[in-house]
Amino acid sequence: MEHEIREHAEAEQTMNRLDGLRPDDDAFDATVFELETQIRHHIAEEEDKLFPALRANASAEELHALGAKVEAAKKIAPTRPHPMAPDRPPLNKLLGPGTALVDRVRDLITGRGKD
């Protein structure tokens, strides 16, 4: 679990750096490549190790319940990277919904996510 939390934090930091760059910035392409590498590595670990282990150790009902929890969490999760935000309970659960609300208002104002 610690490994997963660390990888998420590293990707958030990269996304935050990318969010501050324009496509014509010198560091833009390298930062996109870094993020792509991090995400591909993370996805491969999930698909090759974590998900098979979860399927082997959880019933269909448990998997459906977990899926419902993930979908519910997505609805109240922040939509932008916040690398300085806490990533462990209880602070992440206390601050996450407020951060998500601010993100969604900012997304609405800027039109982000409408494509």
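Residues numbered from 1 in each chain as written. Predicted model: local features only at pLDDT ≥ 70, side-chain atom pairs only at ≥ 80, totals over all residues. Heavy atoms only, no water.

**Q** What is the right way to read the packing of helix 3 (residues 60-76) against helix 4 (residues 91-110) from this model?
**A** Each pair of packed helices gets described by two things: the angle between the helix axes and the distance between those axes. The interhelical angle for the contact between helix 3 and helix 4, taken along N-to-C directions, is 60°, at an axis separation of 8 Å. The orientation of helix 3 with respect to helix 4, classified from their angle, is oblique. Contact residues: helix 3 offers Lys-74, Lys-75 and Ile-76, while helix 4 offers Gly-96, Pro-97, Ala-100 and Arg-104. Of the residues belonging to the contact of helix 3 with helix 4, the class tally is three nonpolar, one polar and three charged. (Axes fitted to C-alpha atoms, helices over the stretch in contact; angles between N-to-C directions. Helix = DSSP H or I, 4+ residues; strand = E, 2+ residues; numbered from the N terminus. Parallel < 35°, antiparallel > 145°, perpendicular 65-115°, else oblique. Contact = heavy atoms within 4.5 Å. Nonpolar A, V, L, I, M, F, W, Y, C, P; charged D, E, K, R; others polar.)

**Q** Whenever I open this one, the pattern of salt bridges confuses me. Can you help?
**A** Opposite charge on two side chains permits pairing when their charged atoms draw close. Taken as a whole and judged by the stated rule, the model has six salt bridges. A salt bridge links Glu-34 to Arg-17, with the nearest nitrogen and oxygen atoms 2.4 Å apart. Residue Glu-34 is located in helix 2 (residues 28-57), and its partner Arg-17 is located in helix 1 (residues 2-19); the two are separated by 17 residues in the primary sequence. Linking Arg-40 and Glu-36 is a salt bridge whose minimum nitrogen-to-oxygen distance equals 2.9 Å. Here Arg-40 and its partner Glu-36 are both found in helix 2, four residues apart, which amounts to about one turn of the helix. Overlapping salt bridges bring together Arg-22, Asp-24 and Asp-25 as one network. (Salt bridge = Lys/Arg side-chain N within 4 Å of Asp/Glu carboxyl O.)

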